[in-house]
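Fold and geometry: a report
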Amino acid sequence: MIGGPGAVHGEPTEASAPRDGGAASAREFRVSLARECGASHSSNLTAESGESGARDYDRTMVDFARSPRSTLGVEWELALLDSRSLDLTPAAETLLADVAEYAPEFEKKIVGEMLTNTIELVTGVHTQVSTVAEDLATAMGAVRKLTEARGVELMSAGTHPFAQWQSQEVRAKDRYLELVDRTQWWGRNMLIFGVHVHVGIDSRDKVLPIVNALLAYVPHLQALSASSPFWGGTDTGYASNRAMMFQQLPTAGLPFQFDEWADYEKYVDDMLTTGIIDNINEIRWDIRPAPHWGTVEVRVCDGLPTLEEILAITAFIQCLVDDMSERLDAGETLPTMPDWFHNENKWRAARYGMDAIIIENAEADERLVTECLADEIERLSPVAERLGCAEELHSITSIIERGVPYQRLQKVFGATGSLTEVTRSLISDLRNSYS
């Protein structure tokens with residue numbers, strides 16, 4: 001997902017940036033953007049006579065809407081495939097029109113994305129992983145009725161195994177067209193699919209400590225969800241080529257670590273003032289605050305082929321965030337690591353997947369990611385019991401035993417030598433996971 005509809009816990013309404021008209025219109029636009037982000041300004045928003053500076057307002061103040069602790073929302077991107085060729089097909093607009101006509105109750109749950117070969121399932125707000133499951137399964141059932149009538153298949157993975165980026169269509173929406181125009185080759189190459197998990201945070205003071213601490217779990221999540229070893233018909237040698245692709249976009253990749261909310265506000269203000277972004281949701285970090293909805297949004301994961309894997313990852317993230325929230329309530333300082341360790345960990349997990357040896361802490365201790373995951377599942381078991389997601393959390397163990405997505409795809413390719421059969425296995429995995 002590039003920007004996302006923001007319908008889980010949501011995003012601010014987007015505006016269109018004026019590209020001409022002088023300093024006054026630029027100033028008015030930025031003031032408007034700041035207000036959309038929950039900004040607070042002094043009453044002196046009008047330039048004095050003779051002044052032409054583009055910045056005569058107070059620094060943007062980013063409000064964070066409090067959410068009930070550890071509530072959940074999930075966004076699951078699905079690729080649309082021609083049922084005969086199994087290549088991607090630009091069927092999204094047709095399917096969205098079908099949703100509006102035949103299943104209007106799902107219009108906010110089945111939405112479009114940047115490319116016309118993608119739709120996204122967007123849940124409501126939930127307190128338990130089990131009701132997230134019901135929400136996704138219901139929306140999937142509605143989608144399936146429409147896709148079967150159109151000769152369209154569905155799959156979820158970080159990338160399609162053999163589709164070519166040159167053949168894909170961008171939806172005719174200003175924010176997508178502007179992104180591609182700005183980023184050119186890299187923007188046109190964003191033939192990727194992901195899963196995003198929102199977790200509610202009950203105090204703004206917790207947001208940045210939790211984001212900073214969650215960075216240590218990027219390799220765990222990346223390795224577990226990795227499902228993009230193939231891209232454009234090529235075996236990339238990576239467990240997650242999507243991770244490497246997506247971070248090429250401006251403002252994507254790992255977040256900066258901020259100690260104070262004012263530092264984050266200054267960053268947002270600088271980005272808006274200099275025109276790097278036109279809206280706060282264009283900060284596309286792997287883990288980011290979602291201020292308008294009072295959540296931390298975890299965007300690390302590749303597209304996941306099965307509902308079971310979606311729920312396992314969601315449970316893991318919910319338990320991590322809730323545990324961190326409780327530790328902060330108890331007065332604990334959450335551990336952090338230097339940025340260079342996080343950068344290395346992300347690369348190792350993307351490259352080696354479940355065989356990655358990751359850096360565990362600021363002391364530079366290292367262990368195999370599977371060992372770290374086993375310890376985390378045990379440590380978080382009481383949290384999972386309290387949240388009602390123990391079964392989903394412990395299913396991570398069985399997923400690892402039978403092979404995480406990229407391992408299963410590599411196995412199919414090793415046995416058949418056919419990326420068409422790899423794609424067929426993804427279609428089958430998805431269909432069997434909820435029916």
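All of the points below concern the structure found in this document. (Residues numbered from 1 in each chain as written. Predicted model: local features only at pLDDT ≥ 70, side-chain atom pairs only at ≥ 80, totals over all residues. Heavy atoms only, no water.)

**Focus: the overall build of the protein**
Short version of the rule: By definition, any uninterrupted DSSP run of H or I lasting at least four residues is a helix, any uninterrupted run of E lasting at least two residues is a strand, and each is numbered from the N terminus. Throughout this description, buried means an accessible area under 20% of the type-specific maximum (1.4 Å probe, protein chains only), exposed means over 50%, and partly exposed covers the range between. The Shrake-Rupley method, run with a 1.4 Å probe, gives the accessible areas here. Residue values count only the displayed protein chains as cover.
Scanning the protein from terminus to terminus reveals 15 helices and 13 strands. Taking all 435 residues of the protein together, the buried fraction comes to 59%. With the model as given, the accessible surface of the protein reaches about 17200 Å², and the carbon-plus-sulfur share is 48%.

**Re the pairing of strand E11 (residues 295-298)**
For clarity, the threshold we go by: One requirement defines pairing of two strands: DSSP has to find at least two bridges between them.
Burial along E11 is two-sided: Thr295 and Glu297 and Val296 and Val298, pointing in opposite directions, are all buried. As paired elements, strand E5 (residues 195-200) and E11 share four bridges and run antiparallel to each other. When the bridges of E11 are listed, Val199 appears paired with Val296. Bridging between strand E10 (residues 287-290) and E11 involves four bridges; their strand directions are antiparallel. What sits directly across from Pro289, in E11, is Val296. Count of turn residues in the E10/E11 antiparallel hairpin: four residues, of which Gly294 carries a positive phi of about 70°.

**Details of helix H6 (residues 204-214)**
Note the cut-off: A contact between two residues is defined here by any heavy atoms of the two lying within 4.5 Å.
Of all the eleven residues making up H6, eight are buried; the element is thus mostly covered by neighbouring parts of the structure. Looking at H6, one finds that the buried residues are Lys206, Val207, Leu208, Ile210, Val211, Asn212, Ala213 and Leu214. In the core, the buried residues of H6 are packed alongside helix H7 (218-225), helix H9 (261-273), E10, E11, helix H10 (307-329) and helix H11 (339-352).

**Re the pattern of salt bridges**
So the rule is basically this: A side-chain nitrogen of Lys or Arg and a carboxyl oxygen of Asp or Glu constitute a salt bridge if their distance falls within 4 Å.
For the coordinates displayed, the defined rule picks out 29 salt bridges. One salt bridge connects Asp323 with Arg379, and the closest N-O pair in it is separated by 2.9 Å. Of this pair, Asp323 sits in helix H10 while Arg379 sits in helix H12 (residues 369-387), placing them 56 residues apart in sequence. On the basis of relative accessibility, which here comes to 12%, the residue Asp323 falls in the buried class. Put simply, Arg327 and Glu332 hold a salt bridge, and the shortest N to O gap is 3.1 Å. The exposure class assigned to Glu332 is partly exposed, which follows from its relative accessible area of 36%.

**Things to note about the packing of H6 against H9**
Convention followed: Think of each axis as a best-fit line through the C-alpha atoms, taken over the contacting stretch in the case of a helix, with angles from 0 to 180 degrees between the N-to-C directions. Working definition: roughly parallel below 35 degrees, roughly antiparallel above 145 degrees, roughly perpendicular at 65 to 115 degrees, and oblique for all remaining angles. Throughout, the ten residues Ala, Val, Leu, Ile, Met, Phe, Trp, Tyr, Cys and Pro are labelled nonpolar, Asp, Glu, Lys and Arg are labelled charged, and all others, Gly among them, are labelled polar.
Running from amino to carboxyl end, H6 crosses H9 at an angle of 80°, the nearest separation of the two axes being 10 Å. By the criterion of interaxial angle, the relationship of H6 to H9 is roughly perpendicular. Between H6, through Arg204, Val207 and Leu208, and H9, the contact on the second element is made entirely by Trp261, Tyr264 and Glu265. In terms of residue class, the contact of H6 with H9 is built from four nonpolar, no polar and two charged.

**Some thoughts on the packing of H7 against H11**
Operational definition: Left-handed describes a crossing whose near helix is turned anticlockwise from the far helix by less than a right angle; the clockwise case is right-handed.
Their axes nearest at 8 Å, the elements H7 and H11 cross at an angle of 15°. Compared by their axis directions, H7 and H11 come out roughly parallel. Note on packing geometry: the crossing formed by H7 with H11 is right-handed. Facing Val218, Pro219, Gln222 and Ala223 of H7, the residues of H11 in contact are Asn345, Lys346, Ala349 and Ala350.

**Considering the nonpolar core**
Definition in use: The definition of a nonpolar core used throughout is a set of buried Ala, Val, Leu, Ile, Met, Phe, Trp, Tyr and Cys residues joined through side-chain atoms within 4.5 Å.
By size, the foremost hydrophobic cluster in this structure holds 101 residues, and its most contacted members are Trp76, Ile110, Leu121, Leu214, Tyr264, Phe316 and Leu393. It is H10 that contributes the most residues to this core, twelve residues altogether. Counting 29 residues, the second largest nonpolar core, distinct from the first, contains Met190, Leu191, Phe230 and Met245.

**Focus on unusual backbone geometry**
Residue Leu86 is not a glycine yet carries a positive backbone phi of 65°. Looking at where Leu86 falls in the secondary structure, it is placed in the loop between strand E1 (72-82) and helix H2 (92-102). By relative accessible area, which is 3% here, Leu86 ends up buried. Even without a glycine there, the phi angle at Gln184 is positive, about 55°. Looking at the element boundaries, Gln184 is found in the loop between helix H4 (174-183) and helix H5 (185-188). What makes Gln184 partly exposed here is its relative accessible area of 39%.

**Some points on the pairing of E1**
Among the eleven residues in E1, ten count as buried, and that is most of the element. In terms of strand pairing, E1 meets E5 through five bridges, oriented antiparallel. Looking across to E5, one finds that Trp76 is bridged to Val195. As judged from the five bridges shared by E1 and strand E3 (residues 118-122), these two strands associate in the antiparallel manner. From the neighbouring strand, Glu77 faces E3, where its bridge partner is Glu120. Across four bridges, the pairing between E1 and strand E4 (residues 152-155) is antiparallel. Bridge pairing in E4 places Ala79 opposite Met155.

**Some remarks on the environment of Arg351**
Note on placement: Arg351 falls in helix H11. Separated by 112 residues in sequence, Arg351 and Ala239 have C-alpha atoms that sit 5.4 Å apart. For Arg351, the contacting residues outside a window of four places in its chain are Gly237, Tyr238 and Ala239.

**Some words on helix H15 (residues 419-434)**
Rules: Here a helix's expected span is defined as the number of its residues, less one, multiplied by 1.5 Å. Any pair of N or O atoms that falls within 3.5 Å is considered a polar contact. Within protein, one atom must be able to donate a hydrogen and the other to accept it, and sequence-neighbouring residues count only if both atoms are side-chain atoms.
End to end, H15 covers 24 Å across 16 residues, agreeing with the expected 22 Å (1.5 Å per residue, within 8%). Taken together, the buried positions of H15 are Leu419, Val422, Thr423, Ser425, Leu426, Ile427, Leu430 and Tyr434. Backbone nitrogen of Thr420 and a side-chain oxygen of the N-cap are separated by 3.2 Å at the start of H15; the cap is Ser418.

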